[in-house]
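What follows is the residue order along each chain.
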Amino acid sequence: MLFDDDAAPPALVAEGLSLWRGNCIALNHINLRVPVGAVVGLVGRNGAGKSTLLRCLVGLSAPDTGHCHLLGAPSLELPDAVRERLGYVAQTPDLFDWLTAEQHLRRFSALYRGYDERRALLLASQLDLPLGVRASRLSGGDQQKLSVLLALAHDPDLLLLDEPVSSLDPMARRNFMRSLFERRDAEGPPRTVLISSHLLTDLERVVTHVAFLRAGQLQLVGEWDALTEHVRLLELPAGHTALPRGAGVLNRRELAGRERVLFDARVAEAPPAAGQALGLDELFAELNA
Ligand SMILES: Nc1ncnc2c1ncn2[C@@H]1O[C@H](COP(=O)(O)OP(=O)(O)OP(=O)(O)O)[C@@H](O)[C@H]1O
């Protein structure tokens, strides 16, 4: 599934991406194309394949089939010029236990040309990060803040974030979500973000697009505004004949003697204006029921 057919080169492309873990297929023929400036929420149940997909995209895992490109370069051979424009936060913070938060920031400043110390310190203070404490002594949430800060401080064009806010308190989450969009040069190109999270209410506030992953397959992908407008839930009495299984019917299930049909009104043969619109958490629940 592709997000757009714009002529502009996408920030991120995955084509025919599959990856096996033993007998289990972790990614099953993923096709994804993310335009510059999109903020994409990657959602799915535990084990759906979100981390595996992000690891393939940044070149940390090699797929069995298919390929991916970030900012025009193949993920498995990213040149330094592209690496400098990327930020990645792994699900488990990858820090040096013996260095303080401040020492981490200094080390990273030597690695990235676009590193902005003033911005890093400002963000550290917004996130209330204790700079003088060694990584091994930071709380889980503060370790996560430091990882996020290290990914943001060089003002990357493309950010890939694997559950970056799961341990953050609500204040820190709000500040972090805001900082996702702040760029040094307000006139420059917007940042592209792919963010996996189970915190759907936070995600819903910031995303332009959503990609639903289930058992390694992309189930539903699109602009969030269009999905909220067109993907609808219809509750019908059991035994009804409306909306036969077919094009545009995304899921159907029985609950308390009634049938719940999730459908895409752009494709399904549904009565006009039928069904109710869903928020992200409700849509997630229906798709995964
Ligand atoms: N190192 C590994 N060895 C074997 N199987 C693995 C490994 N890592 C992940 N898997 C399997 O690959 C599948 C996808 O896992 P992945 O971690 O990508 O899911 P996820 O969507 O990120 O889950 P979560 O929301 O729990 O973080 C799962 O079935 C998982 O058990």
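Provided above is the structure to which this section pertains.
For clarity, every value in this text was computed on a predicted model and none was experimentally measured.

Analysis parameters
Residues numbered from 1 in each chain as written. Predicted model: local features only at pLDDT ≥ 70, side-chain atom pairs only at ≥ 80, totals over all residues. Heavy atoms only, no water. Helix = DSSP H or I, 4+ residues; strand = E, 2+ residues; numbered from the N terminus. Rg over C-alpha atoms; globule rule 2.2 N^0.38 Å. Buried < 20%, exposed > 50% of the residue type's maximum accessible area, 1.4 Å probe, protein only. Arc of directions from axis to C-beta. Contact = heavy atoms within 4.5 Å. Polar contact = N/O pair within 3.5 Å; in protein donor to acceptor, adjacent residues only side chain to side chain. Near = heavy atom within 4 Å. Nonpolar A, V, L, I, M, F, W, Y, C, P; charged D, E, K, R; others polar. Salt bridge = Lys/Arg side-chain N within 4 Å of Asp/Glu carboxyl O.

K.L.:
For this particular structure, what's the right way to read the overall build of the protein?
P.N.:
When you go through the protein residue by residue, the secondary structure sums to nine helices and 14 strands. The globule rule puts the C-alpha radius of gyration for 289 residues at 19 Å, and the 20 Å found for the protein is close to it. Projected onto its principal axes, the C-alpha coordinates of the protein cover approximately 65 × 45 × 35 Å. A total of 289 residues make up the protein; the buried ones form 50% of that total.

K.L.:
It is not clear to me how unusual backbone geometry should be interpreted in this structure. Could you clarify?
P.N.:
A positive phi angle, near 60°, is found at Asp128, a position not held by glycine. Summarising the element assignment, Asp128 is placed in the loop between α4 (117–126) and α5 (140–152). The exposure class assigned to Asp128 is exposed, which follows from its relative accessible area of 61%. With a phi angle near 45°, Glu163 is a residue other than glycine that sits in the positive phi range. According to the relative accessible area criterion, Glu163 is buried, its value standing at 12%.

K.L.:
Honestly, α4 in this entry has me stumped. Any pointers?
P.N.:
Side chains of residues three or four places apart in an α-helix project in the same direction, reflecting 3.6 residues per turn. Buried within α4 are the following residues: Arg119, Ala120, Leu123 and Ala124. Within α4, the buried residues cover an arc of 140° as seen down the axis, which keeps them to one side. In α4, those exposed residues whose orientation departs by more than 90 degrees from the buried face are Arg118 and Ser125. Where α4 is buried, its residues meet α3 (101–111), α5 and α6 (170–179). Regarding α4, its N-cap is Asp116, as a side-chain oxygen of that residue lies 3.2 Å from the backbone nitrogen of Arg118 further along. Backbone geometry just after α4 places Asp128 at a positive phi near 60°.

K.L.:
Could you clarify how one ought to interpret the site of the ligand in this entry?
P.N.:
If you check the shell around the ligand, you find 14 residues, and the closest are Asn46, Gly47, Lys50, Ser51 and Thr52. For the ligand, an oxygen atom lies 2.8 Å from a polar atom in the backbone of Gly47. Contact distances for the ligand include 2.9 Å between an oxygen atom and a side-chain N or O atom of His198. When residues of the shell around the ligand are traced back to their parent elements, those giving at least two are β2 (24–34) and α1 (50–57). Per-element tally for the shell around the ligand: the top contributor is α1, with three residues. The class makeup of the residues in the shell around the ligand is three nonpolar, seven polar and four charged.

K.L.:
Please explain the pattern of salt bridges as it appears in this structure.
P.N.:
This structure, assessed with the given rule, holds 13 salt bridges. Glu15 is the partner of Arg33 in a salt bridge, and the nearest nitrogen-oxygen pair spans 3.2 Å. Remark: Glu15 occurs in strand β1 (residues 12–21) and Arg33 occurs in strand β2; sequence separation between them is 18 residues. Among the residues examined, Arg33 registers a relative accessible area of 23% and is labelled partly exposed. On the basis of relative accessible area, Glu15 is assigned to the partly exposed category, the value being 32%. The structure contains a network of salt bridges with shared partners spanning Glu235, Arg253, Arg258, Arg260 and Glu286.

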